[in-house]
Each structure stands twice: as C-alpha cells, then as structure tokens.
Amino acid sequence: MKQVLYSNYGDSSVLKVDEVDKPRIGKKNSLLVKIYYSSLNAIDWKNRKGDFRLVSGLIKPRTKQGFDVVGEVIEKSYDLQEFDLGDKIAGLLGNFEGGSFSEYIVVKADSVVKIPDNIPINQVAGIPMAGTTAWLALLKLGGLKKGDKVLINGGSSGVGHLAIQIAKAYGAEVTSISSTKNLDFCKQLGADVTISYQDEDFLESTSTFDIIFDVVFNASYKKTKHLLKAKGVYIGTTPTGTMIKEMLRYKQAKFVSVHPNQVALKDLLKLMKEDKLQVKIDKEFLLNDIIKAHDYIEKSRTVGKLIIKIG
Ligand SMILES: NC(=O)c1ccc[n+]([C@@H]2O[C@H](COP(=O)([O-])OP(=O)(O)OC[C@H]3O[C@@H](n4cnc5c(N)ncnc54)[C@H](OP(=O)(O)O)[C@@H]3O)[C@@H](O)[C@H]2O)c1
C-alpha cells in the first residue's frame, strides 16, 4: 500500500510516497480501515521541518505523517460488536507522528466514531484535528455559554473557521479577525463582527470578551488581558516559553492541546448533520501530490482546510 514517509527533517522534498506492507489488525479493540480522505494540518509541515525536535528528538527513519482519518472499516477484531464491516468512521490519531497519509491504517475502535449518513466525507476529513482543537478550546477551556462574547484571532484558518461556527452554534456573539480579503468568508460563517488586521489593531478594541481564542497566536494573555471580562479567558495554540509562563502564572491564560476525544468528535459530526457546521475546502490534493499540498499549507494562507484524497 502507499504511505507518505520521510527520514530527514527539511523542506517538502524530504517527503516520499512509498510502498509499505498493509498493517495487520490487533487482537482486541482494533479496526483495519481503508482510508478515503485525510487533511493537512499545520503540525504536519511543522513536524516535517523538525520544529518540535526538542520534544520528538532525532528523527526516526521512515517517519509517518497525517493525523485525520476518514475511511471504511474493512476488518475488525472479534471483540467488537458496535462496528460492522463497511461502516464509515472518523478519527484523530493520538501518537506524535500520525500515519493517516496512507491507504490503510489500524486504529483503536474506542478512538474513532461512526460518521452519520448524508454528510460529505471529504468535509469530515477536515474535522478531527482542527475541529477538536476548536471544540476543546471553546467548550472545555473557555466554558462557552450562550450569549458569551468570543473573539477569534485567525477566523479564516482551518481551526478558526470551525471555531466561528462552533461558537455560533452554541449561541455566542463572535468577533473574527482576518485579512481584508477574508472578511466576507468569516461573515458568511456567522461572525457577527469582522475586523481586518490590515485596517485595525484588535488590541485597540473597546469591546470586552468572555473568550479570546488566539488561533494564529500572535498575541498573548498579557497583550489581550485589557480585552477580557472579569472571568474571561485567553486561549493560545502554541506552547512557547511565554505561553507556558503565562499559564503557570495566570489562571485566565490557557493553552489548548489537542488529543483524540470521542465526545468532541461525535458532537462535531452532530453539528455537521444539523447543518450548523461545514468544512470549507480550500483545495483537495491527491496523496501523490503531498509535496504540493505541503508547499501550499506552509505559506499559511489556506482559507478553511486542505483535504488529502487517498482512496
Ligand atoms: N495546540 C494545538 O493542539 C493545536 C492544534 C491545531 C493547530 N494548532 C496551531 O494553530 C495554528 C493555526 O492552525 P490552522 O491549521 O488553523 O492554520 P492554517 O489554516 O494554516 O492558518 C492559515 C490561515 O491563517 C490566517 N492568518 C495568517 N496570519 C494571520 C494573522 N496575522 N491574523 C489573522 N489571520 C491570519 C490566514 O489568513 P490570511 O491570509 O487572511 O491572513 C489563513 O487563512 C497553527 O499554529 C497550528 O500549529 C495548535
């Protein structure tokens, strides 16, 4: 089967679509999935460049890529009653390197969810990592309630465009920050107030917020605390030294760390089924074009999500 692998940190040319053996199913809690779609996340190009090498260490030969899984169950371990062959499932891989840019994968059954009928599965592929990040940030860390005022810095990004819709679905009033060309995009997603970072510095806003979700992470708790209500929270996406110091010092400064969460994924798919959440697909690439997809996402101009078509 085909799988994306790399053995050195570097630019996109280190990536290879290689032939490897199909994985074998485990004895318990195990599903063999034929992958139809995945999506590219910022972590994929950052991993490939070695941005997290202080944590991940020296690169292993034949390191895998890709975290989002959308596919069909083609084999299951005998202990599983709740899945049938042919079920369409979605999941987020919880290991450090991923492995979903691959034609088949073995996943733990208790880490994936069935995809409800009649939602486009290429869109679902944009949900596991980006959607779970937005869901955990807003609902778990931010404790979002109906009527809350939420600021999303980076409303047109993969995570941000889902965050706008999730916040609206839960009854928030949303202010989105994007470039001028993406103001309409954010408005169409439901943002009540749209601000272009090219025209205005949101740090000079006179409004206050219950949640500031700094998706593109170019502010900090200290820079935004004058915009927070008394119990408001600032949520960052990158574990920099400043972020860690602020988290340790101020309980209103929080860092979202995405991890597989079935409750989140089920809720996100329910929102899709109810037409409250859509993944806006900027471009769809074939697995063989993974280098082009990396070059595209690394420019950080993607509007919505990049989908990788595999099956
Ligand atoms: N901690 C975690 O668990 C976790 C999980 C997922 C993602 N992340 C991180 O979250 C960040 C966002 O990820 P993503 O996948 O959403 O990224 P992405 O889709 O690649 O972000 C690209 C988008 O960001 C917008 N953007 C760039 N500069 C901006 C600025 N100064 N202000 C507002 N918008 C700006 C771009 O729009 P314009 O062209 O209009 O500027 C573009 O739409 C990344 O750093 C990623 O590593 C962290």
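Residues numbered from 1 in each chain as written. Predicted model: local features only at pLDDT ≥ 70, side-chain atom pairs only at ≥ 80, totals over all residues. Heavy atoms only, no water.

A word on the overall build of the protein chain
Each helix and strand counted, the protein chain has 10 helices and 16 strands in total. Against the globule reference of 19 Å for 311 residues, the protein chain gives a C-alpha radius of gyration of 19 Å, in line with a compact fold. For the protein chain, the C-alpha atoms occupy an extent of roughly 60 × 40 × 35 Å along the three principal directions. For the protein chain, with 311 residues in total, the buried portion stands at 51%. Relative to all contacts within the protein chain whose residues are 6 or more apart in sequence, the contacts with residues 24 or more apart total 68%. Total accessible area on the protein chain is roughly 14,600 Å²; 51% of this is exposed by carbon and sulfur atoms. (Helix = DSSP H or I, 4+ residues; strand = E, 2+ residues; numbered from the N terminus. Rg over C-alpha atoms; globule rule 2.2 N^0.38 Å. Buried < 20%, exposed > 50% of the residue type's maximum accessible area, 1.4 Å probe, protein only. Contact = heavy atoms within 4.5 Å. Areas by Shrake-Rupley, 256 points an atom, 1.4 Å probe, with all protein chains shown as cover.)

Details of the side chain of Asp-210
Its place among the elements puts Asp-210 in strand β12 (residues 209–214). A polar contact is formed between the side chain of Asp-210 and the side chain of Lys-229, at a distance of 3.5 Å. (Polar contact = N/O pair within 3.5 Å; in protein donor to acceptor, adjacent residues only side chain to side chain.)

Remarks on helix α1 (residues 42–49)
For an α-helix, the turn length of 3.6 residues means that residues three or four places apart are oriented alike. Considered for burial, the residues of α1 that qualify are Asp-44, Trp-45, Asn-47 and Arg-48. Here the buried residues of α1 occupy an arc of 160 degrees about the axis, which is enough to place them on one side. Of the surrounding elements, those touching the buried residues of α1 are β1 (2–6), β3 (30–40) and α10 (290–298). Backbone geometry just downstream of α1 places Gly-50 in the positive-phi region, at approximately 85 degrees. (Arc of directions from axis to C-beta.)

Some thoughts on the domain arrangement of the protein chain
Segmentation of the protein chain into domains returns domain 1 (2–126 + 279–309) and domain 2 (129–255). Between domain 1 and domain 2, the C-alpha centre-to-centre distance is 27 Å. On the domain 2 side, the residues contacting the 13 residues of domain 1 number 14 residues. When the two sides are added together, the surface that domain 1 and domain 2 hide from each other amounts to roughly 990 Å², 65% of it contributed by carbon and sulfur. (Domains from an automatic or database assignment. Buried area = accessible area lost by both parts, 1.4 Å probe.)

Let's talk about the sheet that holds strand β13 (residues 228–236)
By way of backbone hydrogen bonds, the strands of a sheet pair with one another, either parallel or antiparallel. Spatially, the 6 strands line up as an open sheet ordered β11-β10-β9-β12-β13-β14, and their pairing is parallel. Where the open sheet ends on each side, the last strands, each with one partner, are β11 (193–196) and β14 (253–255). In this sheet, adjacent strand axes meet at a mean angle of 20 degrees when their direction is disregarded. Two elements, β13 and β14, share 3 bridges in a ladder whose sense is parallel. The partner of Ile-235 across the bridge, within β14, is Lys-254. Relative to β12, helix α4 (residues 128–141) is tilted by about 155 degrees, and along the sheet it contacts β9 (149–153), β12, β13 and β14. Its contacts with the sheet place helix α5 (residues 158–169) against β9, β10 (173–178) and β12, and it is angled at close to 165 degrees to β10. (Pairing = 2+ DSSP bridges. Axes fitted to C-alpha atoms, helices over the stretch in contact; angles between N-to-C directions.)

Overview of a nonpolar patch on the surface
Among the surface-exposed residues, Leu-54, Val-55 and Phe-96 lie close enough to one another that they form a single nonpolar patch of about 390 Å² accessible area. For Leu-54, the location among the structural elements is in helix α2 (residues 53–56). (Patch = residues over 30% accessible without salt bridge, like charges linked within 9 Å, V, L, I, M, F, W, Y side chains within 5 Å. Salt bridge = Lys/Arg side-chain N within 4 Å of Asp/Glu carboxyl O.)

Some points on the site of the ligand
Taken together, 25 residues are adjacent to the ligand, and Ser-156, Ser-179, Tyr-197, Arg-301 and Thr-302 come closest. The backbone of Val-159 places a nitrogen or oxygen atom 2.9 Å from an oxygen atom of the ligand. Here an oxygen atom of the ligand and a backbone polar atom of Thr-302 are 2.5 Å apart. Elements supplying a minimum of two residues to the shell around the ligand: α1 and α5. For the shell around the ligand, a count of residues per class yields 9 nonpolar, 13 polar and 3 charged. Built from parts of two domains, the shell around the ligand gets at least three residues from each of domain 1 (2–126 + 279–309) and domain 2 (129–255). (Near = heavy atom within 4 Å. Nonpolar A, V, L, I, M, F, W, Y, C, P; charged D, E, K, R; others polar.)

Digging into a negative patch on the surface
Taken together, the side chains of Asp-199, Glu-200, Asp-201 and Glu-204 present a region of like negative charge at the surface. Relative to the helices and strands, Glu-200 resides in the loop between β11 and β12. (Lys, Arg positive; Asp, Glu negative; His and termini not counted. Charge placed at Lys NZ, Arg CZ, Asp CG, Glu CD.)

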